[in-house]
Amino acid sequence: MRIIDRIYIDGEFVAPHGEEVFDLINPADSRVIGKVTLGDREDTLRAIAAAKRAFPAFSRTSKAERIELLRRLDAAVTPKLEALNAATTLEYGAPVMIARMLNGYAMGAFKNAAEVLEAYDFTRRINDAEVVMEPLGVVGIIPPWNSNVGFSCGKLAMAIAAGCTSVIKPSEMSAIQTQVLVEALHEAGLPPGVFNVVNGRGEVVGAELSVNPDIAKISFTGSTAVGKAILRAGAETMKRVTLELGGKSPTVILDDADFAQAVPLAVMAGFGNSGQACIAGTRILVPEARLDEFLPMIKAAAESVKVGDPSDPTVQIGPMVSLRQWERVQGYIRKGMEGGARLLTGGPGRPEGLEAGYFVRPTVFADVTNDMTIAREEIFGPVLSVIAYRTEAEAIEIANDTPYGLQAYVISADLDRARIVASHLAAGRILINGLYHEPLAPFGGFKQSGLGREMGVFGLEAHLEPKTVLGLPRV
Ligand code: NAD
């Protein structure tokens, strides 16, 4: 049993003022594995005050000093990779290979930020003006449970690169992962107050960060509903925001695609991270003329995916993070069946032999139309919809007919064709014929998938404010 009863303020692990104790549950067997004491509004105010005190000196550190700090953070977290992977599998239920991937990206965040900083010029000249990019102030960092460490590291690394200080409110369901991470970050010996971490509920700690006048920016990853609430709450103090929100990504399979390649790819794009992924390709668009060929192949591919104990390295789909999330996914499977879609494989209930945890049967629906609830709303579980289209123009229309626009996948035998289709899709990232990631390229959504971009130079500039100085001699 892990007992986590400290939060991190001003460079020290301290007892929170908050007294609520929250159970941490292993989603693979529904047993309580730990208890975390949650911080409250008073704790949040203390953390904000510490970050505010640290800001004037930190914002004036040189680029070289911050690169050195980022390197120290990188050196401190890298040896903890195995411990983080174990915590992610235990507490979140991430299959071993997913935990490795998520935390692997997280560990790279400090090195990537140092690389971006190295190449970045904070001062530029525009005719008679000198334009200086200045750090915004204190950043409130709010990550979700589906990659708590990943988003905590990515957001913190960019805040530090920019010269901002921060208060992190991790997901309350990820306290064991957070503890491993914060102990490692502490080892790097940053000046007190540069980053502070308050475990707590979104409606308490997150809500205070969203309204507090001493918070200049919120960097949030989570649901679109909470993202909108943060945007509204932050309007009064004109907070800068970066919002990485939900998705309902299309996988557009063109009529020339090799299905031997396209089917496994579509399944992986949809079921990755046990379907608990904002970027999941959950709407699979298939040419009507080739549907009879496609459906048996995707049924077989979905049925060959191994679901089970996430600590088994051969398992591809683990449990849902919580009972609440399991019930939500079950609700969508029922809605799919009631709404007229045809269940191709999977369905309600738990897979055989996995009754103790929050496991879902990998589910694929056929005969889905884009107006059905399962095609419109983010399910956040291993549930895919196959939607038929007649022409390429119709495929593009269906792909874009969604309030979301985070990611899209295009599969074709002809790269030029795929590129043209990609140019018509309204999404922040388009992946052609594969699953890729480029950590220095911008990441974020069109439409209601978010506001702003993270990563690389775009992520750095999202923490900076341009100041124009006039009256200086011409250079
Ligand atoms: P969530 O929106 O419920 O919670 C996200 C975070 O916000 C948590 O730390 C939570 O405690 C906090 N929070 C909740 N209410 C709050 C409030 N009123 N004010 C401030 N903070 C509050 O999301 P989740 O269930 O943790 O994560 C799943 C969601 O995240 C999905 O919708 C998924 O698509 C999205 N997501 C998006 C991306 C992306 O990069 N676009 C990546 C991963 C997950």
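Criteria and cut-off values
Residues numbered from 1 in each chain as written. Predicted model: local features only at pLDDT ≥ 70, side-chain atom pairs only at ≥ 80, totals over all residues. Heavy atoms only, no water. Pairing = 2+ DSSP bridges. Helix = DSSP H or I, 4+ residues; strand = E, 2+ residues; numbered from the N terminus. Axes fitted to C-alpha atoms, helices over the stretch in contact; angles between N-to-C directions. Core = buried A, V, L, I, M, F, W, Y, C linked by side-chain atoms within 4.5 Å. Buried < 20%, exposed > 50% of the residue type's maximum accessible area, 1.4 Å probe, protein only. Contact = heavy atoms within 4.5 Å. Parallel < 35°, antiparallel > 145°, perpendicular 65-115°, else oblique. Left-handed = near helix turned anticlockwise from the far one by under 90°. Nonpolar A, V, L, I, M, F, W, Y, C, P; charged D, E, K, R; others polar. Patch = residues over 30% accessible without salt bridge, like charges linked within 9 Å, V, L, I, M, F, W, Y side chains within 5 Å. Areas by Shrake-Rupley, 256 points an atom, 1.4 Å probe, with all protein chains shown as cover. Salt bridge = Lys/Arg side-chain N within 4 Å of Asp/Glu carboxyl O. Lys, Arg positive; Asp, Glu negative; His and termini not counted. Charge placed at Lys NZ, Arg CZ, Asp CG, Glu CD. Near = heavy atom within 4 Å. Polar contact = N/O pair within 3.5 Å; in protein donor to acceptor, adjacent residues only side chain to side chain. Domains from an automatic or database assignment. Arc of directions from axis to C-beta. Phe/Tyr/Trp six-rings, centres within 6.5 Å; stacked < 30°, edge-to-face > 60°. Lys NZ or Arg CZ within 6 Å of the ring centre and 35° of its normal.

Chemist: Would you mind going over the sheet that holds strand β7 (residues 129–135) with me for this structure?
Modeler: Across a sheet, paired strands are connected by hydrogen bonds in the backbone, their directions being either parallel or antiparallel. Read across the sheet, three strands follow the order β6-β7-β21 without closing on themselves; strand pairing throughout is antiparallel. The outermost strands of the open sheet, each flanked by one partner alone, are β6 (123–126) and β21 (464–469). The mean angle between the axes of side-by-side strands here comes to 30 degrees, regardless of whether they run parallel or antiparallel. With six bridges joining them, β7 and β21 adopt antiparallel strand pairing. Each residue of the ladder has a partner; that of V132, found in β21, is K467.

Chemist: Hey, could you run me through the nonpolar core in this one?
Modeler: Proteins that are soluble and globular tend to have nonpolar side chains buried together. If you look at the biggest cluster of nonpolar residues, it comprises 56 residues, and the most contacted ones within it are L70 and F110. Tallying contributions element by element places helix α5 (residues 148–162) first for this core, with nine residues. In this structure, F110 is in contact with L70, L73, D74, V77, C153, L156, A157 and L185, ignoring residues within four places of it in sequence. Counting 30 residues, the second largest nonpolar core, distinct from the first, contains L285, A341, V410 and A418.

Chemist: Please clarify how the packing of helix α9 (residues 259–271) against helix α10 (residues 291–303) should be interpreted in this entry.
Modeler: Relative orientation and spacing of two packed helices are given, respectively, by the angle between their axes and the distance between those axes. Two elements in contact, α9 and α10, have axes separated by 10 Å at closest approach and are oriented at 50 degrees. The pairing of α9 with α10 is recorded here as oblique in orientation. Along this stretch, α9 crosses α10, giving a crossing that reads as right-handed. The segment α9 lies against α10, with F259, A260, V263, V267 and F271 engaging E293, F294, M297, I298, A301 and A302. Split by residue class, the contact of α9 with α10 holds ten nonpolar, no polar and one charged.

Chemist: Looking at this model, I keep getting lost on a positive patch on the surface. Mind explaining?
Modeler: Together, R324, R328, R334 and K335 make up a region of like positive charge exposed at the surface. Along the chain, R334 turns up in helix α11 (residues 323–338).

Chemist: Which parts of the structure should I look at to understand the site of the ligand?
Modeler: The environment of the ligand is formed by 26 residues, the closest being P143, S223, L245, C278 and E378. In this structure, G202 approaches the ligand through a main-chain N or O atom, which is 3.4 Å from a nitrogen atom. In the model, an oxygen atom of the ligand is placed 3.4 Å from a nitrogen or oxygen of the G222 main chain. Relative to its free-state accessible area of 850 Å², the ligand is covered by the protein chains to the extent of 88%. Broken down by secondary-structure element, the contributors of at least two residues to the shell around the ligand are α7 (202–211), β11 (217–221) and α8 (224–235). If you tally residues by element for the shell around the ligand, the top one is α7, at three residues. Inspection of the shell around the ligand shows a minimum of three residues originating in each of domain 1 (2–245 + 445–470) and domain 2 (250–432).

Chemist: Just checking my understanding: could you explain helix α13 (residues 392–400) for this structure?
Modeler: Working note: α-helix, 3.6 residues per turn, so residues spaced by three or four point in the same direction. Turning to α13, its buried residues are A395, I396, I398 and A399. Buried positions in α13, seen along its axis, are confined to an arc of 165 degrees and lie on one side of it. Away from its buried face, by an angle of more than 90 degrees, α13 presents the exposed residues A393 and E397. Those residues of α13 that are buried lie in contact with β13 (249–253), β14 (281–287), β17 (383–389) and α14 (415–424).

Chemist: Explain the side chain of R290 here, please?
Modeler: Checked against the element boundaries, R290 lands in the loop between β14 and α10. For R290, a relative accessible area of 18% translates into the label buried. In terms of polar contacts, R290 uses its side chain to reach the backbone carbonyl oxygen of D255, at 2.9 Å. Apart from the residues within four sequence positions on either side, R290 is in contact with D255, D256, A257 and F259.

Chemist: How should I be thinking about the packing of aromatic side chains in this particular structure?
Modeler: The geometry of an aromatic ring pair is captured by two quantities: the separation of the ring centres and the angle between the planes. Taken as a whole and judged by the stated rule, the model has six aromatic pairs. One aromatic cluster is present, formed by Y8, F13 and F195 through successive ring pairs. The residue whose ring lies beneath R290 is F259, and the NZ or CZ to ring-centre distance is 3.7 Å. Above the face of the W326 ring, R350 is positioned so that its terminal group lies 4.1 Å from the ring centre.

Chemist: It is not clear to me how the domain arrangement of the protein should be interpreted in this structure. Could you clarify?
Modeler: Frequently, the measure chosen for interface size is the accessible area that the parts lose on association. According to the domain assignment, the protein contains domain 1 (2–245 + 445–470) and domain 2 (250–432). Contacts between the two partners involve 27 residues from domain 1 and, on the opposite side, 32 residues from domain 2. Inspection of the region where domain 1 meets domain 2 yields 13 residue pairs in polar contact (both at pLDDT 80 or more). Mapped by element, the contributors of at least two residues to the side of domain 1 that touches domain 2 are α3 (81–92) and α4 (96–119). Split into classes, the residues belonging to the side of domain 1 that touches domain 2 amount to 15 nonpolar, eight polar and four charged.

Chemist: Before we go on, may I ask you to explain the pairing of strand β18 (residues 407–411) in this structure?
Modeler: In the case of a regular strand, side chains alternate between the two sheet surfaces. Burial of β18 is extensive: five of the five residues sit out of reach of the surface. Residue alternation in β18 divides its side chains into two sets, Q407, Y409 and I411 and A408 and V410, and both sets are buried. Of the strand pairs in this sheet, β13 and β18 are connected by three bridges, and their pairing is parallel. Directly across from I253, in β18, lies its bridge partner I411. Direction of pairing for β18 relative to strand β19 (residues 429–432): parallel, over a ladder of four bridges. Of the residues in β19, the one forming a bridge with A408 is I430.

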